[in-house]
Amino acid sequence: MDQLIENLRAIVGRENVLAERDELLVYECDGLTQHKHLPRAVVFPSSTGEVAAVVRELASAGVSFAPRGAGTGLSGGALAVGRGVIVELSRMRRLLKLDVENRIAVIETGMVNEQVSRAVAAHGLYYVPDPSSGRTCTVGGNIAENAGGIHCLKYGVTTDHVLAARVVLSDGQVIDLGGAAGAAGYDLLGVFVGSEGTFGIATEATVRLAPLPQAVRTLLADFAEVDDASRAVSAIIAEGLIPAALEMMDGATIRAVEASVFAAGLPRDAGAALLIELDGLEAGLEDEARRAESICCEHGARGVRRATDERERKKLWAARKGAFGAMGRLAPDMMIQDAVVPRSRLPEILAETYRVSSEYRLKLANVFHAGDGNLHPFISFDRRDADELRRVEEAGREIMQACVRAGGTITGEHGVGLDKSAYLPLIFSDDDLDAMLSVRAAFDPSSLCNPGKIIPAPRGCGEARAVAAATAQTATREVGGRNGDASAERGAGRVSTPPRFEEPEEAATSASSPTRFRRKPGLSHGARGVDEIGQLFTRALGGECVEARSGAVAVLPSSAEEACEGMKIAAREGLASYPSGAGLWLGRRRGTSTGQRVAISTRRLSRIVEHSPADLVVTAEAGVPLSSLNAEVSRSGQWLPLDPPDDGRATVGGVVATGMGGALSAACGPPRAHLLGVRAVLADGRAIRAGGRVVKNVAGYDLAKLFAGSRGTLCLLTELTFKLRPRPARDATLVARAEEAAGLFAAARRLHGERLLPAAVELLSPRAASRLDPDDAGGHLLLVRFAGTNAAVGWQVGRALSLLSAEKLSAPPEVSEDAARLWESVAALPLRGGRKLCWRASALPSHLPELLARLKDASARDDSLAWHAGVAAGSLRATHELIEGSEGLTTLLSELREIARHGGGSLVIEEADEEAGAALATAGFDVWGVEEGASRLMRAVKGALDPRGLLSPGVF
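These remarks concern the structure in this document. (Residues numbered from 1 in each chain as written. Predicted model: local features only at pLDDT ≥ 70, side-chain atom pairs only at ≥ 80, totals over all residues. Heavy atoms only, no water.)

## Focus on the overall build of the protein
Move 1: Within the protein, the secondary structure is distributed over 32 helices and 38 strands.
Move 2: Taken against the 2.2 N^0.38 rule, which gives 30 Å for 956 residues, the C-alpha radius of gyration of the protein at 28 Å falls within 12% of a compact globule.
Move 3: If you line up the protein on its principal axes, its C-alpha atoms span 80 × 65 × 65 Å.
Move 4: A buried classification covers 61% of the 956 residues belonging to the protein.
Move 5: Looking at the protein alone, contacts between residues at least 24 apart form 74% of all its contacts between residues at least 6 apart.
Move 6: Split by element, the accessible area of the protein, about 34000 Å² in all, is 49% carbon and sulfur.
Move 7: Positive and negative side-chain charges in the protein, numbering 109 and 120 respectively, have mean positions lying 1 Å apart. (Helix = DSSP H or I, 4+ residues; strand = E, 2+ residues; numbered from the N terminus. Rg over C-alpha atoms; globule rule 2.2 N^0.38 Å. Buried < 20%, exposed > 50% of the residue type's maximum accessible area, 1.4 Å probe, protein only. Contact = heavy atoms within 4.5 Å. Areas by Shrake-Rupley, 256 points an atom, 1.4 Å probe, with all protein chains shown as cover. Lys, Arg positive; Asp, Glu negative; His and termini not counted. Charge placed at Lys NZ, Arg CZ, Asp CG, Glu CD.)

What follows is the structure in structure tokens.
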């Protein structure tokens, strides 16, 4: 051990390693002092290179480590269990790059949360995530816990604002996850965020910045009863208001705060108080504030007070954020829970917390993110009293169980760590936890990275190592013994041939004949024959669940149980399986795939399981068309704001599986941003769940993010839960035309610079514009969509028209109020025409002109080229109807990919017919273009969840 300490000192300097017992006491716990583990040493690296060198040294010695930032966590997560070493990142706190035009910053993860906003405030920008410990916690700690904070109701949690991360894995390898403008392949960054330091150490992060709101209204409503306040919360959301923040403090908390340095003049006799903040454009904000005030009064508010200036506003928020510290006045020790329940269940769960505390004779106070349903019950106690400590532990478990029974989860932002690992089985099955462990083993096969956290015993770090070894052994055995189909196609960039299935014919055999299945004529037969394979599934599932077409068998389960059975049969027989939704993006990527395979179609999984308007949440089976889901929830004035490439047939499972968004992604986020939880079937037929049905959830690993965009290579999605948004009161689109794209692009960026808040900004080539309207006069088309209150939309449209009036346009800009139909046509553009090749690229918006300039040159030689670009998002999608040779095509795509990568993005081939696929294959063009480090990690994740490579082989 002495030699290890000396080796570490040689890497970072003698003064940057603590190893004496009295020095280490500070690091034996985090903000939750119930759990204490003394580390062997604490190392303070100053760069990513030093972190990597330290980790390599520890790996060679077989010593575990725990990353740590400011130590403000409340789950026992930043502790070095088993006398490991703490890698302390608090000295890595530089702002490495600030890009004001693209609104991003690259920072070292030891930077304190609030310092990010201070560093960019002069440019009118800020970093949105704001946990209560924002003055001291680090961004790296926020990434580890996927921290939420007060303003995440409207703006989302950490994962929604981190675009990329540089990560040191447990063997010292440095890898970049995500990308400033998006990355191809699995969402490795999405599953990394919230992994609590068990997947690796994030040393640098690229974060999204937002413009400071034009106007803010902050209200304080006080109530005689907690129940009245909690009902007001549901009423505000049901009214279609989404405040930037909606917080509650009960009477006990108010009195503790007012007796502390955080006193803000809160009414000491109140039973509860709501702190409500609305922000955005000045236009219409006052109306929203009045509506919120009226709702509070209707539900029993004794009074509603407004912050009159910024000083008073900050004082009110200091009181709310200081509640945790103020509670320290009540007793020497405190237990704080972090459960989340559906908003509509708040009254009954709050009543239950008070009942439990009374039963166990304990002092309880509640302060929480009411808009999210994220409860923080405080129980004050003295741990020197053994009986009281026992009662606290029992009461805490009862509260957790009540929250789970209400459809909630055990942690919304604090994480699992050591503190809540015993609660995970309340919400996850053994198969769920085993799937999480498999993914953990892919990132950390040596089990040295923050062991003992999250997954409860006996599944600790030792088992993770065993899982990794078993996975590798199984993969070797299976690949060697199979027919070679999947293994032959695993090479990066190979073009595969998944089967394409049209809509079923009306004529079908009788469901009463269990040994027959529907079949199309003209089938080719594999080694075993389609008939033989079809009979395997027919005997188990019935003829109505099986079809045969295009030389392959299709299984159409009508329930999750049938899906599991179908996957088990495929696994037992060693059949490659391709999950399929509407089939919009399957089957035209031609290649050399051979062997026996089966398609698992979700077409019959078509139920909307549950819609809770009061909670803004919907659960649907994977085969429900997105258009049908939105038609259903629109009856309650809500929508799921997704617009992937779709002509009305795309299913919600297919949308999530492809991960593809559309023009709305710039303002509303891609599919992953709306996904709360999934139910899925793994390659071996095990049914698992990930995530949940509440808007904040950091219990376990976020496998839902990993599955989004995995294109059926990791699982079959059977059920999905989404968070919804209120439908805007007005949805209007400004339409402008010009001969040249450059002028329209510049005008669109000026709108962006004016701090307007468009829902979508799309620029279309002349060819694409003509597909929207064959009678179009020609030229490029700019569409700017505004959605929101009548006042806000009206003001923005007026301002945008004023700005565009200075441009050289083909005709005066128009305003269309039939926006929904217009944007449905835009979404369907990639599916129109005789497309032989379809690709998409992403780049930071400032790099789009370079991509468009290159496309202008290409269009001069190929008048079939049609494209449309998301100006605010930095997205670009193009289709070719003609393909002339491989050399010119691959040169164009290679140059575009290089531009995209330089701009922080990527280029992916979405679809290619036989001719285009052959041209790409001849030139050896990599379809996905995944970076090597990420590609290795993708293969490890694939091997962990599908060791035999049976699910959608060759897709990546």
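## Some words on the pattern of salt bridges
Move 1: Evaluated as defined, the whole model comprises 65 salt bridges.
Move 2: For Arg 854, the salt bridge goes to Glu 895, with nearest N and O atoms at 2.3 Å. Of this pair, Arg 854 sits in helix 29 (residues 848-861) while Glu 895 is found in helix 30 (residues 887-902), placing the two residues 41 residues apart along the sequence.
Move 3: Each of Arg 217, Glu 282, Glu 286, Asp 287, Arg 290, Glu 293 and Arg 306 takes part in salt bridges that share partners, so that together they form one network. (Salt bridge = Lys/Arg side-chain N within 4 Å of Asp/Glu carboxyl O.)

## Details of the sheet that holds strand 8 (residues 162-168)
Move 1: Reading across the sheet, the 5 strands line up as 5-6-10-8-9 and stay open at both edges, with antiparallel pairing between neighbours. A single partner strand is all that each edge strand has here, and the edge strands are strand 5 (95-99) and strand 9 (174-178). Taking the axes of each pair of neighbouring strands and ignoring which way they run, one obtains an average angle of 15 degrees across the sheet.
Move 2: Relative to strand 10 (residues 201-208), strand 6 (residues 104-108) runs antiparallel, the two being bridged by 5 bridges. Counterpart to Ile 107 in the pairing with strand 10 is Ala 205. (Pairing = 2+ DSSP bridges. Axes fitted to C-alpha atoms, helices over the stretch in contact; angles between N-to-C directions.)

## Overview of the sheet that holds strand 12 (residues 215-223)
Move 1: With antiparallel pairing, 7 strands are arranged side by side in an open sheet as 15-12-14-13-17-18-16. What marks the edges here is a single partner per strand, and that holds for strand 15 (301-306) and strand 16 (333-336). Neighbour to neighbour, the strand axes of the sheet diverge by 20 degrees on average, direction disregarded.
Move 2: Relative to strand 18 (residues 377-381), strand 16 runs antiparallel, the two sharing 4 bridges.

## Digging into the environment of Thr 922
Move 1: By secondary structure assignment, the location of Thr 922 is in helix 31 (residues 914-923).
Move 2: Counting along the chain gives 306 residues from Thr 922 to Leu 616, while the straight-line C-alpha distance between them is 50 Å.
Move 3: In this structure the side chain of Thr 922 is engaged in a polar contact, spanning 2.7 Å, whose partner is the backbone oxygen of Ala 918. (Polar contact = N/O pair within 3.5 Å; in protein donor to acceptor, adjacent residues only side chain to side chain.)

## Notes on the packing of helix 18 (residues 530-541) against helix 19 (residues 560-573)
Move 1: Running from N to C, helix 18 and helix 19 point in directions that differ by 145 degrees, and their axes come no closer than 10 Å. Judged by the sense of rotation from one axis to the other, the crossing of helix 18 with helix 19 is right-handed. When helix 18 is examined against helix 19, the residues Leu 536, Phe 537, Ala 540 and Leu 541 are found in contact with a partner set consisting of Glu 562, Glu 565, Gly 566, Ile 569, Ala 570 and Glu 573.
Move 2: Considering only residue class, the contact of helix 18 with helix 19 consists of 6 nonpolar, 1 polar and 3 charged. (Left-handed = near helix turned anticlockwise from the far one by under 90°. Nonpolar A, V, L, I, M, F, W, Y, C, P; charged D, E, K, R; others polar.)

On their own, these measurements won't tell you what the molecule is for.
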